[in-house]
Every structure is written in structure tokens, then in C-alpha cells.
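So the chains spell out like this:
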Amino acid sequence: MSKAIKNISLAILATLIAAGAYLYSQDFRPVVYKVAEKAVEKIVTDSQPRKDDFRLLFCGTGSPNRTPARGQPCTALVANGKLFLFDAGEGAIGKLSEYGAPVGQLGGIFLTHLHSDHISGVAEVLHNTWLYGRRNPTIIRGPHGTEALIKGFESAYDEDLTERNRVLAAENLKRETVFAGAADIHVEGSSSVIVHEENGLTIRAFRVDHPDWHHAFGYRIEHKGKVVVISGDTKASDGIRQYAQGADILIHEALNSEILLHVGEQLELRGAPITRKRMAVIAEAHTSTLELAEIAQQTAAKNLVLTHLIPALPPTWIAEQFFTSGMGDIYKGNIIVARDGQWIDVLGL
Ligand SMILES: [Zn+2]
Ligand SMILES: [Zn+2]
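Remember, it's a predicted structure, so these values are computed and weren't measured experimentally.

Draft legend 1. Summary view of the domain arrangement of the protein. What the domain assignment reports for the protein is domain 1 (3–36) and domain 2 (49–348). Put simply, the middle of domain 1 and the middle of domain 2, counted by C-alpha atoms, are 49 Å apart.

As C-alpha cells, then:
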């Protein structure tokens, strides 16, 4: 090492030591307090949505096979100053908070069906919203088994609730509230059932076709003269054709068969336990992108939003273009591939 380089290295080292010593001696409390205050401000702001809001938030656009960028299924609606969830997969509460949803104003949870990826975050949504101030039961609706599921969560959280109840009862947070308010919905044939009505907001459930579920639902939301339809998991379904007619926004699950079957082949080639056959079974239970384009065209939905992507490709323009290839030749409306954290203002679209 030349003498010049040695001197420069020593000078850099001395500067770093001096900087370290300076930082160590500083009081960072004002900075930490500022960060904490900002977090509190965000919680308070987020818990007070505007009464005239009519917005959608995509809080999970993946499937069971989630990635950090695409979480398990979760679609949120903010309307009438409240937050309504349609499914809540793993990590839903964290994503909702991160994306600025008014988690303090939970108005209801509507389940499309009880596949684990659609329900694995429900308990934490209920528990966290209660822990941070929810004092009333919330509406929880879903197909047969929903009430039993929520009772099961209550039982699983028993020790936690007993302990917290002792501490939080003084704040009027009672353990009975956390998992209260659940009921099963029964829908016959091609009819529909109104599951919630409030200040001009109507949410109705209808049946879709998700083998082998006897009861799997889509939801039709009507508010301020607009119609939003959420498909849940389904293969190409008459229920969607019927209830999404003329919808302003059709939010539909989507599967790209070409990519999925390629993934299946590669897994099989490498001796993975998940086979090509499994991929074929998955494809049978869902709607391919080209089938979806046909349905959207038949219903004349103005906007088609793809979610529950199978496979859960990265949220990049190139991947999304590939995922939707061929759809534009069939469907003439607006196609949006939803991403986690994406908000859509229904009145502004
Ligand atoms: Zn699913
Ligand atoms: Zn499913």
C-alpha cells in the first residue's frame, strides 16, 4: 500500500470514529418522538374516513401462492365512512394499515367462501380492530360454516382474550365483542340475498361456481348510482353473467392457463411434490384470462379489474402485459391488473 493511500484510509477511519462518537453522544428522542407522533397522526386520520368516500382498496391480489408483493385475497370497500372487507387472507390487517385503510371504522366482513387463503387473516382483523378501540360487534357474513369458523377463532383465542379482558375491561373493551356478529348466508339457485343495507349502500350475495364448494359467493355492491361486482373464486359462472350486467367495475379472479401449466411442467420435471395434475385441478376451479375477457364483454362491464392472480406474477408492467395477453382482442372495456396497495375511486373512474 502506498503511503498516500494509507494516509487517506487512516483519515477515513478517524472520520468514521469521530462521526460514530458524535452520533452516540446525541439525544435522538426528538426524532423518535416525531416518528411516533406521525404514526399516531396516521392512525387517527385513517380512522376518520370521509363520509362521501366510495373507494376500493386492493389489500391482497395474490392467491394461496402469495408473494411479498401480492398477498392472499383481500378487497376492501370504503363507503359511508366505514371499511368493508371482502375476504381477508393472511396479513390482511397489516396491509390495510400500511395502505391507509380506515381500520378503526370496520363496518363488516363478507366472505366469498371458506378456502383458507380467504379467511386466514380474519381473526387478526377482528382482534386488532377491537384492541385499538372497536367497541361494537361487526357484521360478519359468508356461506355455510362462517358462524362456526368465527366461533372457532374465539375458542382458539380464548387464553389471549381472558388475559386482555382483565386489562382492557376498564376501557370498556369486552372480550364478547371481538368475535361477535357472525351469521351464515343462504342463497338459493340463481337468486340473490341482500346482506347489508345502509344509507344508500346495498351489498347483495349471489352464487358462483367454485368446485367443489356447494356455497361460494360473489357480491354486488350498489352505491351512489354505481355498481361494483366482486367475483370471489369461481370458474366461468352464470352468476357473474347475471349480476355483473352493466357493472361499472367488475373485480374478478383470473388465472393464466399458459403460465400455470408451464409452471406445472417445470415442477414435475424437477420432481417437486406439486404436479402438473394439481395445476390442471386448479385451472378447473378458476376462470382463465380469455374466458374472463368473454364474460366481461358479455356483461358489458365498463371496467374489469383482475385480482387473485394465478400465478401471482410480480407487479410489473411486462408481467401484467403477458398475463393479460389476448384479453384486449375479446373485451373492449378498460382492463386493470390490480396491485397490492392500489386504491380506486369508484366515482372518479
Ligand atoms: Zn382463492
Ligand atoms: Zn377458492
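Draft legend 2. Layout of the packing of aromatic side chains. Within the structure shown, the criterion is met by seven aromatic pairs. Ring geometry for Phe86 against Phe110: centres 5.5 Å apart, planes inclined by 25 degrees, an arrangement best described as stacked. Of this pair, Phe86 sits in strand 3 (residues 82–88) while Phe110 sits in strand 4 (residues 106–110), placing them 24 residues apart in sequence. Accessibility expressed as a relative area gives 2% for Phe86, which makes it buried. Residue Phe110 is classed as buried on the basis of its relative accessible area, which comes to 0%. In textbook terms, an aromatic cluster arises when at least three aromatic residues are bridged by ring pairs, as seen for Phe84, Phe86, Phe110 and Tyr219.

Draft legend 3. Representation of the coordination of the zinc ion (ligand 2) in the model. On the protein side, the zinc ion (ligand 2) has His113 (NE2), His115 (ND1), His210 (NE2) and Asp233 (OD) as donor atoms, found 2.1 to 2.3 Å from it. A spacing of 3.4 Å is found between the zinc ion (ligand 2) and the zinc ion (ligand 1), which share Asp233 as a donor. You can see His210 sitting in the loop between strand 8 (201–207) and strand 9 (217–223) and its partner Asp233 sitting in the loop between strand 10 (226–230) and helix 9 (238–243), a full 23 residues away along the chain. Exposure remark for His210: the relative accessible area of 1% places this residue in the buried category. Given a relative accessible area of 3%, Asp233 falls into the buried group.

Draft legend 4. Quick peek at the side chain of Thr146. By secondary structure assignment, the location of Thr146 is in helix 6 (residues 146–156). Of the polar contacts made by the side chain of Thr146, one reaches the backbone oxygen of Pro143; its length is 2.6 Å. The contact partners of Thr146, leaving out residues within four places of it in the chain, are Leu111, Leu114, Ile140, Arg141, Ala183 and Asp184.

Draft legend 5. Up close: the packing of helix 10 (residues 257–269) against helix 11 (residues 276–285). At a minimum axis distance of 8 Å, the contact between helix 10 and helix 11 shows a crossing angle of 160 degrees. Between helix 10 and helix 11, the angle is such that the two are roughly antiparallel. Along this stretch, helix 10 crosses helix 11, giving a crossing that reads as right-handed. Two secondary-structure elements touch here, helix 10 through Leu260, Leu261, Gly264, Glu265, Leu267 and Glu268 and helix 11 through Arg276, Lys277, Met279, Ile282 and Ala283.

Draft legend 6. Representation of the sheet that holds strand 5 (residues 139–142) in the model. In spatial order, the strands read 6-5-4-3-2-1-14; together these seven strands make up an open sheet with mixed pairing. Looking along the sheet, the strands with just one partner apiece sit at the ends: strand 6 (182–184) and strand 14 (343–345). Strand-to-strand twist across the sheet, computed as the mean angle between neighbouring axes with direction ignored, equals 20 degrees. The pairing of strand 1 (residues 54–60) with strand 14 spans three bridges and is classified as antiparallel. The partner of Leu57 across the bridge, within strand 14, is Trp343. Sitting on the sheet, helix 6 touches strand 5 and strand 6, and the angle it makes with strand 6 is about 150 degrees.

Draft legend 7. Just the nonpolar core, in detail. The biggest cluster of nonpolar side chains holds 34 residues, and the ones touching the most others in it are Leu85, Ile109, Val122, Val125, Leu126, Ile150 and Phe179. Broken down by secondary-structure element, the contributors of at least two residues to this core are strand 1, strand 2 (74–79), strand 3, helix 3 (92–98), strand 4, helix 5 (122–131), helix 6 and helix 7 (158–168). The element contributing the most residues to this core is helix 5, with five residues. When neighbours within four sequence positions are excluded, Ile109 is seen to be in contact with Leu85, Val122, Val125, Leu126, Ile139, Ile140 and Arg141.

Thresholds, definitions, all that
Residues numbered from 1 in each chain as written. Chains lettered and ligands numbered in written order. Predicted model: local features only at pLDDT ≥ 70, side-chain atom pairs only at ≥ 80, totals over all residues. Heavy atoms only, no water. Domains from an automatic or database assignment. Phe/Tyr/Trp six-rings, centres within 6.5 Å; stacked < 30°, edge-to-face > 60°. Helix = DSSP H or I, 4+ residues; strand = E, 2+ residues; numbered from the N terminus. Buried < 20%, exposed > 50% of the residue type's maximum accessible area, 1.4 Å probe, protein only. Donors = N, O, S within 2.8 Å, 3.2 Å for Na, K, Ca; no water. Polar contact = N/O pair within 3.5 Å; in protein donor to acceptor, adjacent residues only side chain to side chain. Contact = heavy atoms within 4.5 Å. Axes fitted to C-alpha atoms, helices over the stretch in contact; angles between N-to-C directions. Parallel < 35°, antiparallel > 145°, perpendicular 65-115°, else oblique. Left-handed = near helix turned anticlockwise from the far one by under 90°. Pairing = 2+ DSSP bridges. Core = buried A, V, L, I, M, F, W, Y, C linked by side-chain atoms within 4.5 Å.

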